[in-house]
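Reading the structure
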Amino acid sequence: MVFFWKKSKEEKLAQQGDKNAILKLIEQGKKEQAIRILENFKDNPELLPILYKLYLEEEKYYYAYQLIEHYNKDLATAKERALIYEKVGEKHKAVEEYLKIGDFDSLRSAGSLLYQLGEKNKALEVLQRAMNLAPALEREKLQKDIQRIKQELGLVEVEKESFLDKIRKGLKKTKETIEFGVLFRGRKVDEELFEEIEEKLIRADVGAKLAVKLTEELRKEAIRKNIQKSEDLREILSNMLLNLIKDCEGHLKEPTETPSVYLFLGVNGSGKTTTIGKLAYKFKSENKKVLLCAGDTFRAAAIEQLEVWAQRAGVDIVKKHEGADPASVVYQAMEKALNEGYHVVLIDTAGRLHTKEPLIRELRKIKSSIQKFTPHQPLETLLVLDATIGQNSISQAKVFREAVDVNGIILTKLDGTSKGGAVVPICQELKIPIKLIGVGEKIDDLQPFSSELFIKELLS
């Protein structure tokens with residue numbers, strides 16, 4: 001027996017454009033049904049505001065944009081128009097609306113959009129206006145943004161940090177946690193000292209087994225050499241740690257053929273997109289023609305974030321919509337790079353470990369797209385690991401290694417972790433060279449990895 005569900009009287013009235021019936025549908029949570037009905041009555045001035053409001057509630061910004069552009073601009077408040085224009089990519093129109101409003105949040109949004117558009121002088125002027133209205137809690141962050149733009153415009157001198165200063169700053173949290181400098185200062189060499197050394201190695205995320213092993217070797221050396229001063233133990237431990245990681249030091253390969261491709265892997269949140277932006281800035285500073293490829297199409301935010309970095313570094317980008325086939329975006333980028341003579345292509349990829357098999361297939365397809373144009377590329381396949389999760393990053397690395405050959409690690413957020421000692425087990429287990437480390441938020445805070453300097457600062 002077949003049952004035919006009859007439409008209720010209310011639904012029939014709604015389909016005829018009855019306002020009260022449509023509002024009743026919305027109250028019942030049938031918003032999509034209400035939208036479909038209302039789209040047939042766009043010329044009805046009484047129903048159009050209801051459709052517009054539903055579009056906003058459901059975050060259908062492009063449809064809301066069409067309504068205010070083609071039917072009635074006054075449907076939206078200035079703040080709503082600004083938001084809609086920003087969401088659909090009409091950034092100049094969004095800036096105009098934000099400036100009309102003129103409150104702190106609007107001025108800050110306008111300044112940010114102007115910066116993304118490359119209009120840094122205008123961005124600076126607007127953000128300085130925002131500073132006059134800024135709440136106390138927002139002032140420090142806004143001041144940093146203003147200072148950065150001033151530096152980029154050459155209005156203030158940038159005090160250059162040395163390589164050593166950057167490493168020192170990057171390891172600050174780890175050093176504050178384990179306090180090796182204090183531990184080895186004027187202490188009696190006894191069992192209590194060895195127990196503290198072992199504990200601090202574990203706290204630095206060297207790993208329990210390795211910490212026990214290192215402490216035992218240190219104990220034996222102290223007996224064999226009759227060491228009485230704790231300061232002498234520091235040098236022995238330093239040499240032990242250095243021996244464990246010295247073969248892990250790698251160097252980023254410089255671009256050779258045109259284009260040279262750098263493929264980036266890593267889970268969401270590892271700092272991958274930021275790393276790509278910083279490297280784009282580095283290569284651009286070396287007068288290379290750089291192209292970014294937004295191959296992480298799984299998240300719209302990833303595409304937007306990479307676009308911001310492209311603008312900040314002053315380089316070009318190839319992107320498609322959210323959900324597009326990543327391999328097709330890479331294909332388009334490679335085609336553009338070859339046709340237009342780009343020296344460097346930096347490719348972002350998605351990192352969804354909860355969908356392991358699709359991830360592996362996707363990465364292999366991306367590599368295949370690259371090699372259709374240049375069989376010997378990518379020049380570098382770089383895995384970006386978040387230092388703040390310490391040894392847990394090892395299991396992530398193993399999944400990515402199943403998909404493609406990884407020939408280098410970039411360790412990010414070293415300045416934000418007390419687990420800097422995890423470099424040792426990462427080197428020991430993965431046997432992949434660490435080529436760069438992230439030691440801050442500035443655009444030039446991506447530094448080559450030096451095993452000797454790293455251990456020296458770790459124990460200083």
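These remarks concern the structure in this document.

The rules behind each value
- Residues numbered from 1 in each chain as written.
- Predicted model: local features only at pLDDT ≥ 70, side-chain atom pairs only at ≥ 80, totals over all residues.
- Heavy atoms only, no water.
- Helix = DSSP H or I, 4+ residues; strand = E, 2+ residues; numbered from the N terminus.
- Buried < 20%, exposed > 50% of the residue type's maximum accessible area, 1.4 Å probe, protein only.
- Contact = heavy atoms within 4.5 Å.
- Areas by Shrake-Rupley, 256 points an atom, 1.4 Å probe, with all protein chains shown as cover.
- Axes fitted to C-alpha atoms, helices over the stretch in contact; angles between N-to-C directions.
- Parallel < 35°, antiparallel > 145°, perpendicular 65-115°, else oblique.
- Left-handed = near helix turned anticlockwise from the far one by under 90°.
- Nonpolar A, V, L, I, M, F, W, Y, C, P; charged D, E, K, R; others polar.
- Pairing = 2+ DSSP bridges.
- Salt bridge = Lys/Arg side-chain N within 4 Å of Asp/Glu carboxyl O.

Within the chain one finds 23 helices and 8 strands. Considering the chain as a whole, with its 460 residues, one finds that 47% of them fall into the buried category. Contacts spanning at least 24 positions in sequence make up 68% of the contacts within the chain whose residues lie at least 6 apart. For the chain, the exposed surface amounts to about 23,200 Å²; the carbon and sulfur share of it is 48%.

Remark: helix α7 (residues 91–101) packs on helix α8 (residues 104–116), axes separated minimally by 8 Å, with the N-to-C direction vectors making an angle of 155°. By the angle class used here, α7 and α8 are roughly antiparallel. Note on packing geometry: the crossing formed by α7 with α8 is left-handed. Seen from α7, the contacting residues are Lys91, Ala94, Val95, Tyr98, Leu99 and Ile101; seen from α8, they are Ser106, Leu107, Ser109, Ala110, Leu113, Leu114 and Gln116. Residues belonging to the contact of α7 with α8 are distributed by class as follows: 9 nonpolar, 3 polar and 1 charged.

So, about the pairing of strand β6 (residues 408–412). Of all 5 residues in β6, 5 are buried; the element is thus mostly enclosed. Where burial is concerned, the two faces of β6 agree: the one with Gly408, Ile410 and Thr412 and the one with Ile409 and Leu411 are both buried. Looking at chain direction, strand β5 (residues 380–386) and β6 are connected through 5 bridges and run parallel. When the sheet's bridge partners are listed, Leu383 is paired in β6 with Ile409. Here β6 pairs with strand β7 (residues 434–438) via 3 bridges, running parallel. For Leu411, the partnering residue across the bridge sits in β7 and is Ile437.

To continue, consider the environment of Ala327. You can see Ala327 is positioned in helix α19 (residues 326–340). On the basis of relative accessibility, which here comes to 7%, the residue Ala327 falls in the buried class. For the pair Ala327 and Ser368, spaced 41 residues apart in the sequence, the C-alpha separation amounts to 8.2 Å. Discounting residues that sit within four places of it in the chain, Ala327 has contacts with Lys365, Ile366 and Ser369.

Moving on to the pairing of strand β2 (residues 290–295). For β2, a buried count of 6 out of 6 residues is recorded, marking the element as mostly surrounded by other parts of the structure. Both β2 and strand β4 (residues 344–349) contribute to a ladder of 6 bridges, which runs parallel. Looking across to β4, one finds that Val290 is bridged to Val344.

Turning to the packing of α8 against helix α10 (residues 136–152), a few remarks are in order. Put simply, α8 and α10 touch, their axes get as near as 13 Å, and they point 25° apart. By the angle class used here, α8 and α10 are roughly parallel. In this structure, the crossing between α8 and α10 has a hand that is left-handed. Seen from α8, the contacting residues are Phe104, Arg108 and Tyr115; seen from α10, they are Glu138, Leu142, Arg148, Ile149 and Glu152. Across the contact of α8 with α10, the residue classes break down as 4 nonpolar, no polar and 4 charged.

Attention shifts here to the pattern of salt bridges. Side chains carrying opposite charge are able to pair once their charged atoms draw close together. Applying the stated criterion across every chain, the model contains 28 salt bridges. Note that Lys319 is salt-bridged to Glu307, the shortest N-O span being 3.0 Å. Highlighted residues: Lys319 in the loop between β3 (316–318) and α19 and Glu307 in helix α18 (residues 300–313), separated in sequence by 12 residues. Note on Lys319: relative accessible area 38%, which makes it partly exposed. Measuring nitrogen to oxygen at the nearest pair gives 3.1 Å for the salt bridge that ties Lys336 to Glu340. Of this pair, Lys336 and Glu340 both sit in helix α19, 4 residues apart, roughly one helical turn. Its relative accessible area of 25% is what places Lys336 among the partly exposed residues. Judged by its relative accessible area of 38%, Glu340 is partly exposed. Within this structure, Lys120, Lys141, Asp145, Arg148, Glu152 and Arg312 form a network of salt bridges that share partners.

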